[in-house]
Amino acid sequence: DGDPGFRFARDTRIALSEGDGRVYLAVGGLTIDMGTSVTLTRHRAEEGQENGLYIDESEKDALYAGDLTVSVDDGALRAVLKLPVEDYLLGVVAYEMSDSFPIEALKAQAVAARTYAMQRKWQSGGRDYDLVDTTADQVFKGFDAKYANVIRAVDDTRGVVGLYDGSFAICYYTASNGGQTELTGNVWTGAMAWLREM
């Protein structure tokens, strides 16, 4: 609400906790009542310098390159990360596939994942998030610079999405199919009939 907030130096460690429906921020021996929510906004960074945050209790030690809003929801902390779709894809493609996959397969995955994300964005309505970071949408675990092939695949397909009849195509994919899949024509009919052409 017009409060310019305060800045943390690079590499500052903070801890967030919940108490009595409030978010508490602890840093350098000081604990501050942040109210019912707090937003951690990225600084501008010099070219080539990391820009985001690391979350200690996340599954991977990866960079979350976005602005993080933490609020209280039913006695627990609720985190929503806001970031550009291309940065998001760097944290999806690496975990929906592997950096060791052929580059063209990674490019196809980047297009499918981007299309899915954009479709979900347009369907999110009044929610404060577009996607979740699990298999309920797409697995997202943050950015890791060691995944050079994933970075190349996302960069080489920047902005490319699948369209069909003027709308985002529904691009289904799966990590495992048990070695056999059903013919698409036996599964999708009517509005999904276009998938039979693939």
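Relevant structure appears above.
A.B. asks: When you look at the overall build of the chain in this model, what are you seeing that I'm missing?
C.D. replies: The helix and strand inventory of the chain stands at five helices and eight strands. Each helix and strand of the chain, placed in order from N terminus to C terminus, yields the pattern β-β-β-β-β-β-α-α-α-α-β-β-α. Considering only C-alpha atoms, the chain reaches an extent of 60 × 35 × 35 Å along its principal axes. Looking at the chain residue by residue over its 198 residues, the buried ones come to 32%. Restricting the contact set of the chain to residue pairs at least 6 apart, pairs at least 24 apart contribute 54%. Looking at the chain as shown, the accessible area adds up to about 12800 Å², and 48% of this sits on carbon and sulfur atoms.

A.B. asks: Quick question: what am I supposed to make of the environment of Val150 here?
C.D. replies: Assignment of secondary structure puts Val150 in helix 4 (residues 148-156). For Val150, a relative accessible area of 1% translates into the label buried. As for Val150 and Gln49, which are separated by 101 residues in sequence, their C-alpha atoms are 19 Å apart. In this view, Val150 contacts Leu90, Val93, Ala94, Asp99 and Leu106; residues no more than four positions away in its chain are not counted.

Definitions and cut-offs
- Residues numbered from 1 in each chain as written.
- Predicted model: local features only at pLDDT ≥ 70, side-chain atom pairs only at ≥ 80, totals over all residues.
- Heavy atoms only, no water.
- Helix = DSSP H or I, 4+ residues; strand = E, 2+ residues; numbered from the N terminus.
- Buried < 20%, exposed > 50% of the residue type's maximum accessible area, 1.4 Å probe, protein only.
- Contact = heavy atoms within 4.5 Å.
- Areas by Shrake-Rupley, 256 points an atom, 1.4 Å probe, with all protein chains shown as cover.

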